Amino acid sequence: MPSVKNGIQIVSYHEGLAAGVAKMWNLSRDSWGGDTRVMTEEQVKTKEANSENIELYLALDENEVVGYCGLSEYKEDTGSLYIPLLNVLPSYHGKKIGKMLVMKALEKTIELGWPRLDLYTWPGNTKAVPLYKKCGFFWEDRDDTTHLMNFIPNVLNTPLLKPLFEKVDWYEASTRQIEVKPDGIKENGFTFYEYSWSSPNTNARVQIERTSRGITLIETDDFLVQLTMDHHEVIEEMEHTYQLKVVNKTDTPLTFQATGTKNARVEYQLNTGKLNIEKDFTLSETFTIRKGEEPSVWRTHPSIQITVEINGSPCEMSLGIFPMQPAKLEAFNEGNFAFLDTKTEFHLELKNNLSNTTEFVLTIPENDLVNLEQKTYEVTVPATGKMTIPIPVTVRKHGFYDPSIHVSTKSTDHVLTFEQQISIAFKGEGKKFGGESTLFWHIYNGHSQLNIRKLDLNVQLKKNTRSKKPLFSFLAPKLGKPYTNEFNKKKPTSVSWDIDDSSVLIKFVLQSGEFPGIYLTECLQLFGDGIVHQWVEIENVHPTTYQNIAISQPVSQELGNTYFPLDQRVVYFSKDRPLEFGDLNPAMITGHWYFSKTEGETVGVTWPQNSHAAPEGWQFVIEQKIGEMKPGAKSTTEKIIVALDSFQEASQFQAYAEKRHLLEPYEITNELHLEVHKMIVPSSSPTSFTLKTYRNSFLDGTLEVVCDQTPVSNWRIQAKEEKNSITFEQQLSLNNPVSHLTAQFQQEGIRTNFENLLLSTQGDISSFTESDGSIVVENGCLSIKANADFYPGLYSLKVNGLEWLDTQYPERTAKSWWSPWAGGMKWSPEGITTFSLLKEKTTISPTNISDRNGNTWRGMAIQTTFEEHSQWKNVEYIQYYVMLPGVPVLATFLRVMHDGGKWLDGEKWLTDLFLGGEVLPNLTIKSGRSEYRAGKQELPMYLPEDSYIESATKKEKLYVIPSLNMEETEAYMNKEAFQLVAAQPGFANKEEKATAPLLLLFDERKLSTEAVQKLRNIQF
């Protein structure tokens, strides 16, 4: 039944409320730090369908969703439920809706018999912390997170306390002091949380011990019972003492009984039998704790667990223990690789866990991996202090070094002896091995390693041994549906690893409790080049047939410069505003890979095409459907592949993920993108633009557009319009053949600038033949010439009547390193000299050709047919040099008309041009703060991306714009020549055997690299 108060109902979620939930989240962004992410109805449906929630409570004001509270099983520890997400619509703050939701979750926890309810928040959430504390939560004092625990369910479900709460309202009668800071009474290393109540008729208090998560003290008007110990930290396998104290505050004897028996690690036995206690009674008993793993702050610790009965009413009491050995040893290795037969050292850090200064004797056993210079070390360490000991060794073999070090004490009242295992990986090129340390299972292959954390089966992928942060993590897989987090709290039934010629394979077997008889085997295969394959094998050994079985595989990573396939584009997210998985709109994901660069290291991830991948908070989740599993059935998921530093560029990894040998290079789209629909427009035509964000947010800001320094217009887009893209149309005054378009989008706190070029055609293009046979094409500002009898290329390129190419037309001469030298500009296969080209047949003719957007370019086609060259015989190719009317841009590319049966995919095509038309020192390459003057000295270099070439006698600057397919443009200058060479491997258009164009732009202005490179969008 819904709870109703002040017109607000608390109801359980159903799909009919999904749209309202999405609206609530979108209106609540300011409560979450101004987050701009948006939620859709479909996203809510998907999220909640895959949710691990036991219940999802919503607060409704009539039909509007104004509050949200999930309730699920806590994945980090046993014995608790958890509120994963709590929200109240900002306009409803102060109406006690948060309290209603939390109390509803608390009531359900009590009803289901769970002893505890947990949640997380952030320290700055000062408004909510008092609410949480009033509802029974305690703020745990930790540096790594803000964790709150509520023990009211345990208190109210304790039979000994039920009579008290039949008379007292636990919420209204609470006298607990509320402060916005971490809670706890600290004594002897313990932290206790105290509830207290007072009413006209009764007073009571209950203390909870932090690490056992259990009751350690109860005091009422009638009695006090308390479980204590002198120290929270205790040494393993030594005898220690605990005390149980009972005080009778009445005049009537109370009956008392206490029982307890050994549990997982604690050895003790207690049975007091029935006692009549008149006043005070204190019991002191001993216990020992066996060796085992060091407890985690995330989990309940080993504990003394006592059942007490007072006047026939029982109560479970517990007191947590932090077990430790007399000392803790940890080994550290310098460097990432071990070099054989070379003296080196590792370091042992020893922490003295004893309460007095102690002399320790360490004996390190012989091992076939290393030669020890010294086997025994004696060190004195202050009480609870640390010391680091260098251990000189010579590494003989690569592998996992895990000796058990014998440790004894010399300065205590009695000698303590124990053994403790350390672990170090001595990694080497191509060396494959595995091992187990206290906290992890490990596998290694060359530089790369996987560490599987025993605590929660988090698989950490690393390159550098010393790096604390993994490059990437697989979290424990989830079995469903419905999905649960059972496996990150389970220990594998077995762990094994195998080594073959190329890889190390580790498998760990997990038995499901939620789906009896289902076994999962998570498999991880590490290759030497840093590639990891992950998959899950599933087997049903139960007589039950299970329907709709699926595996959900969450992964996590701190993303840097990231490339994601969204809406059929590859979208770039800069590390300057790091992408989180939750920033992605799952509906936009159109590929099955992503690639990220972080601090010089790269990670590429690809998943099966038929799986469903989507962000889920800070995780990215890959879901694979298995379907029906009959008794005895087995199944295997397809592989998820992660590449650690195996690829340096996103395009390389994309080709690998898509199983393609070569990708045509493409422009990367920025996360906020302004697209000009047509770059080439008649001056009288309107221009349209589309502004689009690829983050999961709505556009909210003002777009201002300026053309050639003249403001054009501005448009306001508001988040309430719920648009992630918007298209504008505007009539522009294009008075120049090349117009410089700038725009800025101003959002709240963020300004993004855009630049582009628009080409406006004017006039016509003419072509004619001169008396010497030269073909001439002119467009009003550019003029090009070529002569088939002279050379298979251009010999003249004039801009507004002034020459830019260096040539000796009509003579071919020797110049510097070249003979014969004709200068000018040409395309040719790599390795073909000018001398060889001149032997072949060349023809030149005017041509018209259309680009991919239907614009007509005119110029000349220079066709060369190889008839003499033995390796290139019968190959025919055409060089195109084309222009638009009135536009100072020359586009040139090459197309092979006949391959002569020759395999051309591995060949490079070179465009070279010699600049001149004047004395060489008049020409300068300018880039940033650097200048390189021609004609002064021999200077080989690569043309910087932001560079242009300036002449002392011409107004225009020359911008050389190679295609994405081309390698870096080479520049070579000496006292006689100035040459540029652009190389293009293979073909950009394989079907037509054509290269992508090289573009030359002549403009008086100093233009930005961003604007100039937009011309790369011109394709033929």
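Residues numbered from 1 in each chain as written. Predicted model: local features only at pLDDT ≥ 70, side-chain atom pairs only at ≥ 80, totals over all residues. Heavy atoms only, no water.

Undergrad: Where do I start with the overall build of the chain in this structure?
TA: Of the regular secondary structure elements, the chain holds 9 helices and 83 strands. With the C-alpha coordinates aligned to their principal axes, the bounding extent of the chain is approximately 130 × 80 × 60 Å. Expressed as a percentage of its 1020 residues, the buried residues of the chain come to 55%. Just so you have it, the chain exposes about 45,200 Å², and 45% of that area is on carbon and sulfur atoms. Counting 102 positive and 131 negative side-chain charges, the chain places the averaged centre of each group 1 Å from the other. (Helix = DSSP H or I, 4+ residues; strand = E, 2+ residues; numbered from the N terminus. Buried < 20%, exposed > 50% of the residue type's maximum accessible area, 1.4 Å probe, protein only. Areas by Shrake-Rupley, 256 points an atom, 1.4 Å probe, with all protein chains shown as cover. Lys, Arg positive; Asp, Glu negative; His and termini not counted. Charge placed at Lys NZ, Arg CZ, Asp CG, Glu CD.)

Undergrad: When you look at helix 7 (residues 650-657) in this model, what are you seeing that I'm missing?
TA: In an α-helix, one turn spans 3.6 residues, which is why side chains three or four residues apart end up on the same side. Every buried residue of helix 7 is listed here: Ala650, Phe653, Gln654, Ala655 and Ala657. Contacts made by the buried residues of helix 7 are with strand 46 (561-566), strand 47 (569-573), strand 48 (593-598), strand 49 (601-606) and strand 53 (640-644). Downstream of helix 7 by one or two residues, Lys659 has phi in the positive range, about 55°. (Contact = heavy atoms within 4.5 Å.)

Undergrad: Explanation requested: the nonpolar core in the structure shown.
TA: Soluble globular proteins: nonpolar side chains tend toward being buried together. Counting 93 residues, the largest nonpolar core has Trp197, Phe256 and Ile306 as its most contacted members. The element best represented in this core is helix 3 (residues 97-112), accounting for 7 residues. (Core = buried A, V, L, I, M, F, W, Y, C linked by side-chain atoms within 4.5 Å.)

Undergrad: Hey, could you run me through the environment of Phe515 in this one?
TA: As for its placement among the helices and strands, Phe515 is situated in the loop between strand 42 (503-511) and strand 43 (518-527). Overall, Phe515 belongs to the buried group, its relative accessible area being 9%. Linking Phe515 and Lys481, residues 34 residues apart in sequence, is a C-alpha distance of 9.8 Å. Excluding residues within four positions of it along the chain, Phe515 makes contact with Leu479, Gly480, Lys481, Pro482, Tyr546 and Ile549.

Undergrad: Help me understand the packing of aromatic side chains, please; the structure alone is not making it clear to me.
TA: The geometry of an aromatic ring pair is captured by two quantities: the separation of the ring centres and the angle between the planes. Tallied over the full model, the rule gives 55 aromatic pairs. Three or more aromatic residues joined by ring pairs make a cluster, and in this case those are Phe138, Phe151, Phe165, Tyr193, Tyr195 and Trp197. We note Lys454 situated over the ring of Trp441; from NZ or CZ to the ring centre the distance is 5.4 Å. The positively charged end of Lys902 is found above the aromatic ring belonging to Trp872, 4.9 Å away from the centroid. (Phe/Tyr/Trp six-rings, centres within 6.5 Å; stacked < 30°, edge-to-face > 60°. Lys NZ or Arg CZ within 6 Å of the ring centre and 35° of its normal.)

Undergrad: Please explain the packing of helix 1 (residues 18-26) against helix 2 (residues 41-49) as it appears in this structure.
TA: For any two helices packed against each other, one specifies the inter-axial angle together with the distance between the axes. Contact pair helix 1 / helix 2: the axes reach a minimum separation of 8 Å and the direction vectors enclose 105°. Taken as axis vectors, helix 1 and helix 2 run roughly perpendicular relative to one another. Facing helix 1, whose interface residues are Ala18, Ala19, Val21 and Ala22, helix 2 presents Glu41, Val44 and Lys45. Class assignment for the residues of the contact of helix 1 with helix 2 results in 5 nonpolar, no polar and 2 charged. (Axes fitted to C-alpha atoms, helices over the stretch in contact; angles between N-to-C directions. Parallel < 35°, antiparallel > 145°, perpendicular 65-115°, else oblique. Nonpolar A, V, L, I, M, F, W, Y, C, P; charged D, E, K, R; others polar.)

Undergrad: Before we go on, may I ask you to explain the sheet that holds strand 62 (residues 750-761) in this structure?
TA: Strand pairing in a sheet takes place through backbone hydrogen bonds and is either antiparallel or parallel in direction. With respect to topology, 5 strands assemble into an open sheet ordered 56-62-61-58-59, the strand pairing being mixed. Strand pairing shows two members of the sheet lacking a second neighbour, strand 56 (680-682) and strand 59 (710-717), which therefore form its edges. Averaged over neighbouring strand pairs, the angle between their axes works out to 30° when direction is ignored. As paired elements, strand 58 (residues 701-707) and strand 61 (residues 738-747) share 7 bridges and run antiparallel to each other. Across the sheet, residue Cys707 finds its bridge partner in strand 61, namely Leu741. (Pairing = 2+ DSSP bridges.)

Undergrad: Help me understand unusual backbone geometry in this model?
TA: The general pattern is negative phi for most residues beyond glycine and trans for most peptide bonds. Here Tyr809 and Pro810 are connected by a cis peptide whose omega angle stands at 10°. Structurally, the position occupied by Pro810 is in the loop between strand 67 (802-803) and strand 68 (813-815). Here the bond from Ser819 into Pro820 is cis, since omega is -5°, no more than 30 degrees from zero. Phi at Gln568 takes a positive value of approximately 65°, unusual for a residue other than glycine. Following the sequence through the fold, Gln568 ends up in the loop between strand 46 and strand 47. Residues other than glycine seldom take positive phi values, yet Glu599 does so here, at roughly 50°. Structurally, Glu599 can be placed in the loop between strand 48 and strand 49. Looking at Glu599, the relative accessible area reads 80%, which means it is exposed.

Undergrad: What should I look at first to understand a negative patch on the surface in this one?
TA: A cluster of acidic residues, Glu945, Asp946, Glu968 and Glu970, forms a negative patch at the surface. Tracing the sequence through the fold places Glu945 in the loop between strand 78 (939-942) and strand 79 (948-951). Exposure remark for Glu945: the relative accessible area of 60% places this residue in the exposed category. (Patch = residues over 30% accessible without salt bridge, like charges linked within 9 Å, V, L, I, M, F, W, Y side chains within 5 Å. Salt bridge = Lys/Arg side-chain N within 4 Å of Asp/Glu carboxyl O.)

Undergrad: Help me out: how do you make sense of the pairing of strand 46 in this one?
TA: Along any regular strand, the residues point their side chains to alternate faces of the sheet. Across the 6 residues of strand 46, 6 count as buried, placing the element largely inside the fold. Where burial is concerned, the two faces of strand 46 agree: the one with Asn561, Tyr563 and Pro565 and the one with Thr562, Phe564 and Leu566 are both buried. Taken together, the 3 bridges between strand 46 and strand 48 define a ladder with antiparallel strand orientation. Looking across to strand 48, one finds that Thr562 is bridged to Ser596. Pairing between strand 46 and strand 47: 5 bridges, direction antiparallel. Pairing of Leu566 across the sheet is with Arg569, part of strand 47. Between strand 46 and strand 47, which pair antiparallel in sequence order, lie 2 residues; one of them, Asp567, sits at a positive phi of approximately 50°.

Undergrad: Any chance you could explain the pairing of strand 7 (residues 117-121) here in plain terms?
TA: When you tally the buried positions in strand 7, you get 4 out of 5 residues, the bulk of the element. Bridge analysis of strand 5 (residues 81-83) against strand 7 gives 3 bridges, and the strand direction is parallel. Across the sheet, Tyr82 pairs through a bridge with Asp118, a residue of strand 7. In terms of strand pairing, strand 7 meets strand 9 (residues 146-150) through 5 bridges, oriented antiparallel. Looking at the pairing, Thr121 lines up with Thr146 of strand 9.

Undergrad: Quick question: what am I supposed to make of empty space enclosed by the protein here?
TA: Take a probe with the size of a water molecule and roll it over the atoms, and the empty space left behind shows itself. For the coordinates displayed, the defined rule picks out 2 cavities of 30 Å³ or more. Each pocket or cavity is described by its volume, and for the largest cavity that value is around 70 Å³. Ranked by residues supplied to the lining of the largest cavity, first place goes to strand 11 (residues 190-198) with 3 residues. Split by residue class, the lining of the largest cavity holds 4 nonpolar, 3 polar and 3 charged. What lines the second largest cavity is Gln534, Trp535, Val536, Ile551, Gln553, Ile622, Gln624, Thr637 and Ile640. Among the secondary structure elements, those contributing two or more residues to the lining of the second largest cavity are strand 44 (531-540), strand 45 (546-556) and strand 51 (619-629). Top element by residues in the lining of the second largest cavity is strand 44. It accounts for 3 residues. In terms of residue class, the lining of the second largest cavity is built from 5 nonpolar, 4 polar and no charged. (1 Å grid on protein atoms, 1.4 Å probe; cavity = no way out; pocket = protein on both sides within 12 Å on 5 of 7 lines; lining within 4 Å. Points joined across faces, edges and corners; volume = space filled by probe spheres on them.)

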